[in-house]
Amino acid sequence: MYRYDEFDASFVNQRTEQFKDQVRRRLAGELSEDEFKPLRLMNGLYLQLHAYMLRVAIPYGTLNGRQMRKLAHIARTYDKGYGHFTTRQNIQFNWPKLEDTPKILEELAEVEMHAIQTSGNCIRNVTADHFAGAAADEIADPRPYAEILRQWSSLHPEFSFLPRKFKIAITGAPNDRAAVQVHDIGLQLTRNEAGEIGFEVFVGGGLGRTPMIGRKVRDFLPEEDLLAYSEAILRVYNRYGRRDNKYKARIKILVHETGLEELKADIEAEFEKIRFGVLRLPDEEVRRIEAYFAPPPLEVRAETSAAVDARRESDAAFAQFVAHNLNPHRVPGYTSVTLSMKPIGGIPGDASDAQMDVIADLAEKFGHDEIRISHEQNVILPHVKLEDLPALFDELVAAEIAEGNAGLITDIIACPGMDFCALATARSIPVAQRISERFGTPERQAEIGELKIKISGCINACGHHHVGHIGILGLEKKGEEFYQITLGGSANENASIGKIAGRGFSSEKVVDAIETLVDTYLGLREAKEETFLEAYRRVGEEPFKEALYGVA
Amino acid sequence: MKVITANRLLNGDVVWLGAGKTWVERITLAEVFDGTDAVADALAVGAAAEKNQEVVGVYEMDVAVEDGVIVPVRLRERIRAAGPTTHPNLGKQAQAVSA
């Protein structure tokens, strides 16, 4: 994986020193809160409902055992013994003290980590497919490009005060697992007829209060033009994006209000001015960065394992795990394993310090010291030998991260909601917990099959509810929590925004409503292989609305 | 009826304005203010404490007094006063058990 060079190390250390001094000046009264707030936000430090919250960057969701162990140490030493993996592949600590944060950033810098680009109106950390560098369906590893974008965007002087935050996601596989079409810029790696690498480019996707699917602006952007073209998009956005209204400041609104063709012409005109300048990517530089992401040496092995087959026969929980939590690896005999951070009835994305230590150990023992965080709030060991699965599984069971539910109804994305977030209008996590309990038996989950439920506790949509097969949005109505359901959303390569089913449900009724939807699906699907989303797309919303609200 | 709340600057703890212009850790110890003038005066105390690097994010919130106990009107403030409902071992509710 990527290693800091001297520039990166001194850059991160400088930022830590600056922040240390900023905190000192704040505590001495030399900086007011109004002056300090943008500075702390540039270092990932928020003030939330109960306390400060520190969001630590895990660029493109990739880290190693040593880094994970440091996160465990921070949870244990400076927080309350846990961390929370987010929908942007980062980790949040919910209880740090302001006075401790410079020390925390120092400790992070020791393992090449930081909290830069996790907040503020800048280009945020680039996210990527969590199976990057391992997936069988991959055209190329997207992370070298994510890292190149990181180097370009970190502290980019022109783009440090954008109209609003700006999110870029990249996937290297045709099966989009990085939700690229709901990002400000979405990049899908592809090859042209000559076999050269390039990108399909989407602009103006996003969720929040105005959900939109990104519009394609390029079918094939050559590799060498990645930075110049990105810079052109950002320049157009920085110049024309609205600054008069925070809620209309994202690039999706600009795309919508300007019109795709005019905006594309603006981007292309800007691009023409700079494409042969300093931002043109030299091939040797791409290959140099790529070398950092060289896969571990994996020898081709048998495609099946007798040990796995035998264990599957004798252990239903293991069989369930193997059926759902493995992703095909490009090297025969290996697999990418999802460690579920969604225990039945548990809190989506939470990991205790002890669990983080176990994950670090297991990555070193079974996974060539590579770990990924998914935007679905799970942890992945991307390179595991098939025959190691039984031993790995035993250790996961002991650490309570062995639920075989990846992609199933209990693998729920939920934002922190009103239990933690100052912006939330309703709680998310308790709804996720109750759904998880309702559907948590292995047989029922497996029978239902793939079903992505995503829950947000306010209209800002951190829980991606618009792209849930079933989405749940928590609102406040007359002082009570109240949940609106959307149907038919998807964040993959066939992305769609879910449609509101009808009037919302009280906290007491919302889980019953979900069960009604699930039962309706089970009753009308053509076969077990037809997923909820496929069935919904085939029959439309009517049968589901009728089940929820009766005949109109 | 209102109370004034904020977070301590240094550690982020949720606090309320109590008697004698002190910041207290329990909402039950907060001072209740009634009427526009009383609330405005209390907010001015808060603003001074903010300027003094004692607290941040000062605001007023609605409360009711039930059986002599101060209870926030909004669920958000009830959660803020107790701690996350998902982690009963954390926040004020955890301290209350050991106190």
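Residues numbered from 1 in each chain as written. Chains lettered and ligands numbered in written order. Predicted model: local features only at pLDDT ≥ 70, side-chain atom pairs only at ≥ 80, totals over all residues.

- Where an unreviewed UniProt entry is consulted, chain B appears under the name DUF2849 domain-containing protein, with the organism given as Roseibium denhamense.

- Per an unreviewed UniProt entry, chain A goes by the name Sulfite reductase (NADPH) hemoprotein beta-component and belongs to Roseibium denhamense.

Some words on the overall build of chain A
Then, number 1: When helices and strands are tallied, chain A shows 18 helices and 21 strands.
Then, number 2: Relative to the 2.2 N^0.38 estimate, which gives 24 Å for 552 residues, the radius of gyration of chain A is 23 Å and therefore close to what a compact globule would have.
Then, number 3: With the principal axes as the frame, chain A shows a C-alpha extent of 60 × 60 × 60 Å.
Then, number 4: For chain A, contacts bridging at least 24 residues in sequence account for 67% of all contacts bridging at least 6. (Helix = DSSP H or I, 4+ residues; strand = E, 2+ residues; numbered from the N terminus. Rg over C-alpha atoms; globule rule 2.2 N^0.38 Å. Contact = placed C-beta atoms within 7 Å.)

Regarding the overall build of chain B
Then, number 1: The secondary structure content of chain B amounts to 3 helices and 5 strands.
Then, number 2: Scanning chain B from its N terminus toward the C terminus, one meets helices and strands in the order β-β-β-α-β-β-α-α.
Then, number 3: Over its C-alpha atoms, taken along the principal directions, chain B stretches across nearly 35 × 35 × 20 Å.
Then, number 4: Looking at chain B as a whole, 33% of its 99 residues qualify as buried.
Then, number 5: Considering only residue pairs separated by 6 or more positions, chain B has 48% of its internal contacts joining residues 24 or more positions apart. (Buried ≥ 20, exposed ≤ 12 C-beta atoms within 10 Å, placed from the backbone.)

Describing the domain arrangement of chain A
Then, number 1: By domain assignment, chain A separates into domain 1 (6–110), domain 2 (135–292), domain 3 (306–399) and domain 4 (413–549).
Then, number 2: The gap between the C-alpha centroids of domain 1 of chain A and domain 2 of chain A is 27 Å. (Domains from an automatic or database assignment.)

Section: the pairing of strand 17 (residues 453–456) of chain A
Residues and elements named next belong to chain A.
Then, number 1: Burial along strand 17 is two-sided: Ile-453 and Ile-455 and Lys-454 and Ser-456, pointing in opposite directions, are all buried.
Then, number 2: With 2 bridges joining them, strand 16 (residues 413–414) and strand 17 adopt parallel strand pairing. Bridge pairing links Ala-414 to Ile-455 in strand 17.
Then, number 3: Of the pairings in the sheet, the one linking strand 17 to strand 18 (residues 470–477) comprises 4 bridges and is parallel in character. Paired with Ile-455 across the strands is Ile-472, a residue of strand 18. (Pairing = 2+ DSSP bridges.)

Some remarks on the sheet that holds strand 8 (residues 185–191) of chain A
Residues and elements named next belong to chain A.
Then, number 1: Strands sit in the order 6-7-8-9-10 across an open sheet of 5 strands; the sheet is mixed. The open sheet has two edge strands, strand 6 (127–128) and strand 10 (215–222), and neither has a second partner.
Then, number 2: Relative to strand 7 (residues 168–171), strand 6 runs parallel, the two sharing 2 bridges. Residue pairing in the sheet places Thr-127 in a bridge with Ala-169 of strand 7.
Then, number 3: Helix 6 (residues 226–240) contacts strand 8, strand 9 (197–203) and strand 10 of the sheet and is inclined by roughly 10 degrees relative to strand 9. (Axes fitted to C-alpha atoms, helices over the stretch in contact; angles between N-to-C directions.)

Here we look at the environment of Val-182 of chain A
Residues and elements named next belong to chain A.
Then, number 1: Here Val-182 shows up in the loop between strand 7 and strand 8.
Then, number 2: Overall, the presence of 28 C-beta atoms within 10 Å leaves Val-182 in the buried class.
Then, number 3: Sequence-wise, Val-182 and Gly-449 are 267 residues apart; in three dimensions their C-alpha atoms are separated by 24 Å.
Then, number 4: Contact partners of Val-182, with chain neighbours within four places excluded, come to Gly-205, Gly-206, Leu-207, Ile-213, Gly-214, Val-467, Ala-491 and Ala-495.

Concerning the interface of chain B and chain A
Then, number 1: Contacts between the two partners involve 22 residues from chain B, matched on the other side by 21 residues from chain A.
Then, number 2: Elements represented by at least two residues in the side of chain B that touches chain A include exactly strand 4 (55–66) and helix 2 (75–82) of chain B.
Then, number 3: With 4 residues, helix 2 of chain B is the largest single contributor of residues to the side of chain B that touches chain A.
Then, number 4: Broken down by class, the residue content of the side of chain B that touches chain A amounts to 8 nonpolar, 9 polar and 5 charged. (Nonpolar A, V, L, I, M, F, W, Y, C, P; charged D, E, K, R; others polar.)

Some points on helix 5 (residues 143–153) of chain A
Residue and element names in this part refer to chain A.
Then, number 1: Of all 11 residues in helix 5, 9 are buried, a share of seventy percent or more.
Then, number 2: Taken together, the buried positions of helix 5 are occupied by Arg-143, Pro-144, Tyr-145, Ala-146, Glu-147, Ile-148, Leu-149, Arg-150 and Ser-153.
Then, number 3: Packed against the buried residues of helix 5 are strand 3 (62–63), strand 6, strand 7, helix 6 and helix 9 (283–292).

Focus on the sheet that holds strand 3 of chain A
Then, number 1: Taken in spatial order, the 5 strands of this open sheet run 3-14-15-12-11 (chain A), and their pairing is antiparallel. Pairing within the sheet leaves two strands with one partner each, and these edge strands are strand 3 and strand 11 (326–328) of chain A.

Some points on the UniProt feature "domain: Nitrite/sulphite reductase 4Fe-4S" (unreviewed entry) in chain A
Residues and elements named next belong to chain A.
Then, number 1: Sites flagged by UniProt as "domain: Nitrite/sulphite reductase 4Fe-4S" (unreviewed entry) map to residues 119–273 and 410–548.
Then, number 2: For residues 119–273, helix accounts for 31% and strand for 18%, while the C-alpha atoms at its two ends are 31 Å apart.
Then, number 3: When the span residues 410–548 is considered, its composition is 37% helix and 19% strand, and the gap between its end C-alpha atoms is 21 Å. (UniProt positions renumbered as here; feature names shortened; annotations may be inferred.)

Focus on the nonpolar core
All names here are of chain A.
Then, number 1: Grouped together as the largest cluster of nonpolar side chains are 177 residues, with contacts concentrated most on Met-68, Ile-170, Ile-233, Ile-359, Ile-455, Ile-472 and Tyr-483.
Then, number 2: If one sorts the elements of this core by residue count, helix 6 sits on top with 9 residues.
Then, number 3: Once residues lying within four places of it in the same chain are set aside, the contact partners of Ile-455 are Ile-412, Ile-413, Ala-414, Cys-415, Ser-428, Val-431, Ala-432, Gly-463, His-465 and Ile-472. (Core = buried A, V, L, I, M, F, W, Y, C linked by C-beta atoms within 7 Å.)

Remarks on unusual backbone geometry
All names here are of chain A.
Then, number 1: Within the chain, Gln-117 stands out as a residue other than glycine whose phi angle is a positive 65 degrees.
Then, number 2: Relative to the helices and strands, Gln-117 resides in the loop between helix 4 (101–110) and strand 6.
Then, number 3: A residue is classified by how many C-beta atoms lie within 10 Å of it, and Gln-117, with 24 of them, is buried.
Then, number 4: Look at His-464: it is not a glycine, yet its phi comes out positive at around 55 degrees.
Then, number 5: Mapped onto the elements of the fold, His-464 is located in the loop between strand 17 and strand 18.

Quick look at the pairing of strand 2 (residues 52–56) of chain A
All names here are of chain A.
Then, number 1: Judged by how many residues are buried, strand 2 sits mostly within the fold: 5 of 5 residues are covered.
Then, number 2: For strand 1 (residues 45–47) and strand 2, the ladder comprises 3 bridges, and the chain directions are antiparallel. Bridge pairing in strand 2 places Tyr-46 opposite Met-53.
Then, number 3: The hairpin formed by strand 1 and strand 2 contains 4 residues between the paired strands.

Side note on helix 16 (residues 507–524) of chain A
Then, number 1: End to end, helix 16 of chain A covers 27 Å across 18 residues, agreeing with the expected 26 Å (1.5 Å per residue, within 8%).
Then, number 2: Those residues of helix 16 of chain A lying buried are Val-510, Val-511, Ala-513, Ile-514, Leu-517, Val-518, Thr-520 and Tyr-521 of chain A. (Expected span 1.5 Å × (residues − 1).)

Things to note about the confidence of the model for chain B
Then, number 1: On average, chain B scores 94 in pLDDT, and the residues at 70 or more come to 96%.
Then, number 2: Predicted as a complex, the structure gets a pTM of 0.96 and an ipTM equal to 0.95. (pLDDT = per-residue confidence, 0-100.)

Considering the packing of helix 5 of chain A against helix 9 of chain A
Residues and elements named next belong to chain A.
Then, number 1: At a closest axis distance of 9 Å, the pairing of helix 5 and helix 9 adopts a crossing angle of 110 degrees. Of the possible angle classes, the one that applies to helix 5 and helix 9 is roughly perpendicular. Note on packing geometry: the crossing formed by helix 5 with helix 9 is right-handed. The segment helix 5 lies against helix 9, with Pro-144, Glu-147 and Ile-148 engaging Val-286, Ile-289 and Glu-290. (Parallel < 35°, antiparallel > 145°, perpendicular 65-115°, else oblique. Left-handed = near helix turned anticlockwise from the far one by under 90°.)

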